[in-house]
Amino acid sequence: MKQLTLTGIRKSFGTLEVLKGITLTIDPGEITAIVGSSGAGKTTLLQVMGTLMRPDSGSVMYDGVDITDFRDRQLSDFRCRHVGFVFQFHQLLPEFTARENVMLPALIAGAKRKEAERRADELLAALDISRRAAHKPSALSGGERQRVAVARALVNDPDIVLADEPTGSLDTRNRDEIMSLFTGLRDRLGRGFVIVTHDLAFAATATRLIRLSDGVVCEES
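Please read these numbers as outputs of a predicted model, since none were measured by experiment. As a convention, each chain's residues are numbered from 1 in the sequence order in which they are written. In keeping with the model being predicted, local features are shown solely for residues with a pLDDT of at least 70 and side-chain atom pairs are shown and tallied solely at 80 or more, while totals for entire chains, interfaces and linings include all residues. Where side-chain values are given, they derive from all heavy atoms of the structure, hydrogens and water being excluded.

Draft legend 1. The arrangement of helix H5 (residues 142–154) in detail. Helical segments are the DSSP runs of H or I of at least four residues, strand segments are the runs of E of at least two, and each set is numbered from the N terminus. Expected helix span is taken as 1.5 Å per residue step, with the number of steps being one fewer than the number of residues. Given a rise of 1.5 Å per residue, 13 residues ought to cover 18 Å, and the 19 Å separating the end C-alpha atoms of H5 matches this to within 8%. Burial analysis of H5 places 11 of its 13 residues in the buried class, the great majority of the element. Turning to H5, its buried residues number three or more, namely Gly 143, Glu 144, Gln 146, Arg 147, Val 148, Ala 149, Val 150, Ala 151, Arg 152, Ala 153 and Leu 154. Should any heavy atoms of two residues lie within 4.5 Å, those residues are counted as being in contact. Buried-residue contacts for H5 involve strand E6 (83–87), helix H3 (98–108), helix H4 (113–126), strand E7 (160–164) and helix H6 (172–189). Residue burial is assigned from relative accessible area. The probe radius is 1.4 Å, only protein chains are included, and a residue is buried under 20% of its type maximum, exposed over 50%, and partly exposed in between.

What follows is the structure, encoded as structure tokens:
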């Protein structure tokens, strides 16, 4: 993973200033949890990190390169190659099987179908869900859907995975499994994870905790 540095990030929606000059560095191999009350700016910050949203001011540096002013096509290519996303409600396409959902980002990035299928099968095996590869999301449990979503986030071998409330819809057992999964992937693959969560028990297992309040970083540990 390359270092990700945000400097002086501000973001407003109309007259509401959500991020108020945030400066933050995410180092390789960290599992960083971002916590805070609703409206603190957690999801907005995550979207700026992942270039899904442009800041009003400030810079986003990746491996020493300022990507803030990249054109839309450049940002799309950057996301595809360097960033994986996991969302609270998995966002799997219901008409496709688990394998096909995992394959899609690889196909979009230009991989041949056989190569994309090989990558998908390797990840599904690593996440212990190969037996469900031919099933559509409606036939999977909540924990299984999130495992598929994690596999999809990893299929293009990103440097960093950004997860927005990845355990918000899961029970305690599946929550613990997902955190163990993230830790194992960090240890085996050297991937960095940034996780937005309301779950303080989940956040406590991260290697670093960042607390937001009213659009600013109020605590780091």
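Draft legend 2. Just the layout of surface pockets, in detail. Using protein atoms alone on a 1 Å grid, points that fit a 1.4 Å probe yet trap it form a cavity, whereas open point sets bounded by protein on both sides within 12 Å along at least five of seven lines form a pocket; residues with an atom within 4 Å of a point count as lining. Grid points are joined across faces, edges and corners, and a volume is the space filled by probe spheres set on the points. The volume enclosed by the largest pocket comes to roughly 420 Å³. What lines the largest pocket is a set of 17 residues, among which Val 83, Phe 85, Pro 105, Ile 108 and Arg 152 lie closest to the centre. At the level of secondary structure, the elements contributing two or more residues to the lining of the largest pocket comprise helix H2 (72–82), E6, H3 and H5. Class assignment of the residues belonging to the lining of the largest pocket gives a composition of 10 nonpolar, 5 polar and 2 charged. Along its surface, the second largest pocket is lined by Arg 119, Glu 122, Leu 123, Ala 126, Leu 127, Leu 154, Val 155, Asp 157, Leu 185, Arg 188, Leu 189 and Arg 191. Only Asp, Glu, Lys and Arg are considered charged in this grouping, and only Ala, Val, Leu, Ile, Met, Phe, Trp, Tyr, Cys and Pro are considered nonpolar; every other residue, Gly among them, is considered polar.

Draft legend 3. Structural context of the packing of aromatic side chains. For Phe, Tyr and Trp, rings pair up if their centres lie within 6.5 Å, where Trp contributes its six-membered ring, and each pair is then called stacked (planes under 30 degrees apart), edge-to-face (over 60) or tilted (otherwise). As enumerated under the stated definition, the model contains 3 aromatic pairs in all. Taken together, a centroid distance of 6.1 Å and an interplanar angle of 5 degrees make the contact between Phe 85 and Phe 87 stacked. For Phe 87, a relative accessible area of 31% gives the class partly exposed. Summarising the aromatic geometry, the rings of Phe 182 and Phe 193 are spaced 4.7 Å apart at their centres and angled 20 degrees between planes, so their arrangement reads as stacked. Here the residue Phe 182 occupies a position in helix H6, and Phe 193 occupies one in strand E8 (residues 192–196), the gap between them amounting to 11 residues.

Draft legend 4. Summary view of the pattern of salt bridges. The term salt bridge refers to a side-chain nitrogen of Lys or Arg lying within 4 Å of a carboxyl oxygen of Asp or Glu. Under the criterion given, the structure shown has 14 salt bridges. Measuring nitrogen to oxygen at the nearest pair gives 3.4 Å for the salt bridge that ties Glu 144 to Arg 132. A residue pair is termed long-range when its members are at least 10 positions apart, and Glu 144 in helix H5 and Arg 132 in the loop between H4 and H5 qualify at 12 residues. Classification of Glu 144 by relative accessible area gives buried; the value is 15%. Classification of Arg 132 by relative accessible area gives buried; the value is 18%. With a closest N to O distance of 2.7 Å, Glu 220 and Arg 208 form a salt bridge. You can see Glu 220 sitting in strand E10 (residues 216–220) and its partner Arg 208 sitting in strand E9 (residues 208–213), a full 12 residues away along the chain. Owing to a relative accessible area of 13%, Arg 208 belongs among the buried residues under this scheme. Through salt bridges with shared partners, a single network forms among Glu 115, Arg 118, Arg 119 and Glu 122.

Draft legend 5. Broad picture of the pairing of strand E2 (residues 16–26). Strands pair, by our definition, only if DSSP identifies at least two bridges between them. As paired strands, strand E1 (residues 4–13) and E2 are joined by 8 bridges and run antiparallel to one another. Pairing of Lys 11 across the sheet is with Leu 19, part of E2. Here E1 folds back onto E2 in antiparallel fashion, the turn holding 2 residues, of which Gly 14 has a positive phi close to 65 degrees.

Draft legend 6. Structural detail: the environment of Leu 6. Looking at the element boundaries, Leu 6 is found in strand E1. Taking relative accessible area as the criterion, Leu 6 reaches 0% and is therefore assigned buried. As for Leu 6 and Asp 66, which are separated by 60 residues in sequence, their C-alpha atoms are 9.7 Å apart. Discounting chain neighbours no more than four positions away, the residues touching Leu 6 are Ile 22, Thr 23, Leu 24, Leu 45, Val 48, Met 49, Ser 59 and Val 60.

Draft legend 7. Structural context of the side chain of Arg 147. Tracing the chain through its elements places Arg 147 in helix H5. Here Arg 147 falls in the buried class, since its relative accessible area comes to 16%.

Draft legend 8. Highlighting the pairing of E6. Taken across its 5 residues, E6 has 4 buried, putting it largely inside the fold. Inspection of the sheet shows E6 paired to E7 by 5 bridges, in the parallel sense. Paired with Val 83 across the strands is Ile 160, a residue of E7.

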